[in-house]
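If you want the building blocks of each chain, they are given just below.
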Amino acid sequence: LMWFSISPLLSEVQESLSLTKEQIWSSSISAVSGTIIMRFILGPFCDKYGPRIPMGIILLASAIPTALTGLVTTSTGLATIRFFIGVGGSTFVMCQYWTSTMFTKEWAGTANATVGGWGNLGGGITQLLVGSILFPLFKNFFHGDKEKAWRTVCIFPATLGLITAFCVVKFTDDSPKGNFDKLKRLEIIKDVSVTKSFTKGAMNVNTWLLFVQYACCFGVEITMNNAAALYFKEQFGLNTESAAAIASIFGWMNLFARGMGGYISDKTNSRWGMSGRLAWQSFVLLMEGIMVIVFSQSTSLVSSIGVLVFFSIFVQAAEGSTYGIVPYVNPPITGSISGIIGAGGNVGAVAFGFCFREMNAKTAFLVMGIIIVSSSILSIAVFIPGHPGLIWRRNTADEIEDVSSSGDNSATHVPASNSESSNDSLESESSSVNGSHKYSPAQDTTR
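Residues numbered from 1 in each chain as written. Predicted model: local features only at pLDDT ≥ 70, side-chain atom pairs only at ≥ 80, totals over all residues. Heavy atoms only, no water.

Student: Let's hear about empty space enclosed by the protein: which residues, and what values?
Tutor: Throughout the structure, instances matching the rule amount to three cavities of 30 Å³ or more. By volume, the largest cavity is sized at about 50 Å³. In this structure, the largest cavity is lined by Ser-7, Pro-8, Leu-9, Leu-10, Ser-11, Ala-229, Leu-230, Lys-233, Thr-240 and Ala-243. Elements that contribute at least two residues to the lining of the largest cavity include exactly helix 1 (10-17), helix 12 (218-236) and helix 13 (240-252). Sorting elements by how many residues they give to the lining of the largest cavity places helix 12 first, with three residues. Classifying every residue of the lining of the largest cavity by side-chain character gives six nonpolar, three polar and one charged. Considering only enclosed or pocket space, the second largest cavity measures out at about 40 Å³ in volume. Mapped onto the lining of the second largest cavity, the elements with two or more residues apiece are helix 2 (21-49), helix 12 and helix 17 (334-358). When grouped by side-chain class, the residues that make up the lining of the second largest cavity number five nonpolar, four polar and no charged. (1 Å grid on protein atoms, 1.4 Å probe; cavity = no way out; pocket = protein on both sides within 12 Å on 5 of 7 lines; lining within 4 Å. Points joined across faces, edges and corners; volume = space filled by probe spheres on them. Helix = DSSP H or I, 4+ residues; strand = E, 2+ residues; numbered from the N terminus. Nonpolar A, V, L, I, M, F, W, Y, C, P; charged D, E, K, R; others polar.)

Here is the structure:
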């Protein structure tokens, strides 16, 4: 909601500040650039400190510039403030870390996708709430002054962000057994090195293959959040309110589509193992790319809206499918891996943003569709030790031993204890790894 609060009103900002198309797209690129570095950083920080405190800090840090959006007077000011607002997009890393910790790997796809989808639903809600509801209300309040309306409307999402930050820190836990600082004091979990966690994640080839594929689904969603309202307004001559309402359709598909993508990934995994997950991943990316190409060739408003619905469904399903695979890549450092792959979405948005800045919209959509179709092939190269690949099975005894020696075959990426627990209840709830009992927060589903 905060991240894209100004997106449905960019046409009004452009008019008020006399900005060019290139300057507007530069600000949108800046908005998604702000979260790239933070996603890389916050993954290993979650492995070390847990998700609660980082989540609260980032929500607070992005709420402040969101509230100050109305103070911008130049293109540089718009790009700068959107850069700092964009830091809020890195809360996705903590979100996915939480659900990967709370649920077993067998259901990680559904859990991660449902939570992520409802989070991304904020993009659709923002288009409708800010562009079609709050903007007209504020405009009426200021007696038709559109500039005063867009300059003040972002205070509302900023206030919600501040309230959420307080609730996260005050009322949530890092894991089913409690907060990380307490678990470390009791030696239930061990401390980890941020640097080592990130290095291990970055050295895994599978991380970067999924990085590219996530760039071609979540990167597309971010691009659409920035482009859709402008596209429908310019292409079909709609007013701001109507264009924002139509653009919101893309985000509303998150109600079910991302969760569906994760659920089907889990089901294919139960039937065919990792091969099933990878096949589903390739299929949804292929269909997503085809839908983007078709969308680029649509000439009427009705056909564009119809294609937009299916286009969005496959985008969200691909996102859910990707994070059904992530918890398997290297469970003890899933935080770092999740952060790197999550950053891929923003890198994709930056790349596609440059396409829209330098090309006309239809050409940019066509190029984007071709790139997405090409990315679907990368699933063939994904090989996770202990699991079959898409075409070739490479789960040899040596690879399975490698997984065991990594220190975890459980559902979680939270570091296990460095010693056996003497508490019988903890032993009964812990996972058995290499013959010893180690407590894993993700194993405790009693909450």
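There's more to say after this.
Student: Kindly report on the nonpolar core, identifying the contributing residues and their values.
Tutor: One finds Val-220, Met-224, Phe-232, Phe-295, Phe-311, Phe-365 and Met-368 to be the most contacted residues of the largest nonpolar core, which totals 63 residues. For this core, the element with the most residues is helix 16 (residues 301-329), which contributes twelve residues. In this structure Phe-365 touches Met-224, Tyr-231, Val-292, Phe-295, Ser-296 and Phe-356, once residues within four positions along its chain are discounted. (Core = buried A, V, L, I, M, F, W, Y, C linked by side-chain atoms within 4.5 Å. Buried < 20%, exposed > 50% of the residue type's maximum accessible area, 1.4 Å probe, protein only. Contact = heavy atoms within 4.5 Å.)

Student: Could you give an account of helix 2, naming the residues involved and the relevant values?
Tutor: The first and last C-alpha atoms of helix 2 sit 42 Å apart over 29 residues, in line with the 42 Å expected at 1.5 Å per residue. In the structure, helix 2 departs most strongly from a straight axis at Arg-39, where the bend amounts to approximately 30°. Gly-50 occupies a position one or two residues after helix 2 and carries a positive phi of about 90°. (Expected span 1.5 Å × (residues − 1). Bend = angle between axes of the 7 residues up to and from the residue.)

Student: Summarise a nonpolar patch on the surface; cite the residues concerned and give the values.
Tutor: Residues Leu-60, Ile-64, Leu-68, Leu-71 and Leu-162 make up a contiguous nonpolar surface patch of about 460 Å² in total accessible area. The residue Leu-68 is located in the loop between helix 3 (52-67) and helix 4 (75-85) in this model. (Patch = residues over 30% accessible without salt bridge, like charges linked within 9 Å, V, L, I, M, F, W, Y side chains within 5 Å. Areas by Shrake-Rupley, 256 points an atom, 1.4 Å probe, with all protein chains shown as cover. Salt bridge = Lys/Arg side-chain N within 4 Å of Asp/Glu carboxyl O.)

Student: Just give me the short version of the packing of aromatic side chains, but keep the residues and values in it.
Tutor: Overall, the coordinates contain 27 aromatic pairs when judged by the stated rule. Ring centres of Phe-166 and Phe-171 lie 6.2 Å apart, and the angle between their planes is 85°; on these two criteria the pair is classed as edge-to-face. Taken as a pair, Phe-166 and Phe-171 share a single burial class, namely exposed. Ring plane angle 80° and centroid distance 6.4 Å describe the contact between Phe-283 and Phe-314, whose orientation is recorded as edge-to-face. Separated by 31 residues along the polypeptide, Phe-283 in helix 15 (residues 274-297) and Phe-314 in helix 16 bring together distant segments of the chain. Overall, the relative accessible area of 39% leaves Phe-283 in the partly exposed class. Among the aromatic residues, those joined into a ring-pair cluster are Trp-25, Tyr-231, Phe-232, Phe-236, Phe-250, Phe-295, Phe-311, Phe-356 and Phe-365. (Phe/Tyr/Trp six-rings, centres within 6.5 Å; stacked < 30°, edge-to-face > 60°.)

Student: How would you explain the packing of helix 6 (residues 108-141) against helix 13 if you had to name every residue and give the values?
Tutor: Axis separation between helix 6 and helix 13 bottoms out at 6 Å; the angle between their running directions is 160°. As far as their axial angle goes, helix 13 and helix 6 are roughly antiparallel. Read as a crossing pair, helix 6 and helix 13 show a hand that is left-handed. Where helix 6 abuts helix 13, its residues Leu-121, Gly-124, Ile-125, Gln-127, Leu-128, Gly-131, Ser-132, Phe-135, Pro-136 and Lys-139 lie against Glu-241, Ala-244, Ala-245, Ala-247, Ser-248, Gly-251 and Trp-252. Taken together, the residues of the contact of helix 6 with helix 13 sort by class into nine nonpolar, six polar and two charged. (Axes fitted to C-alpha atoms, helices over the stretch in contact; angles between N-to-C directions. Parallel < 35°, antiparallel > 145°, perpendicular 65-115°, else oblique. Left-handed = near helix turned anticlockwise from the far one by under 90°.)

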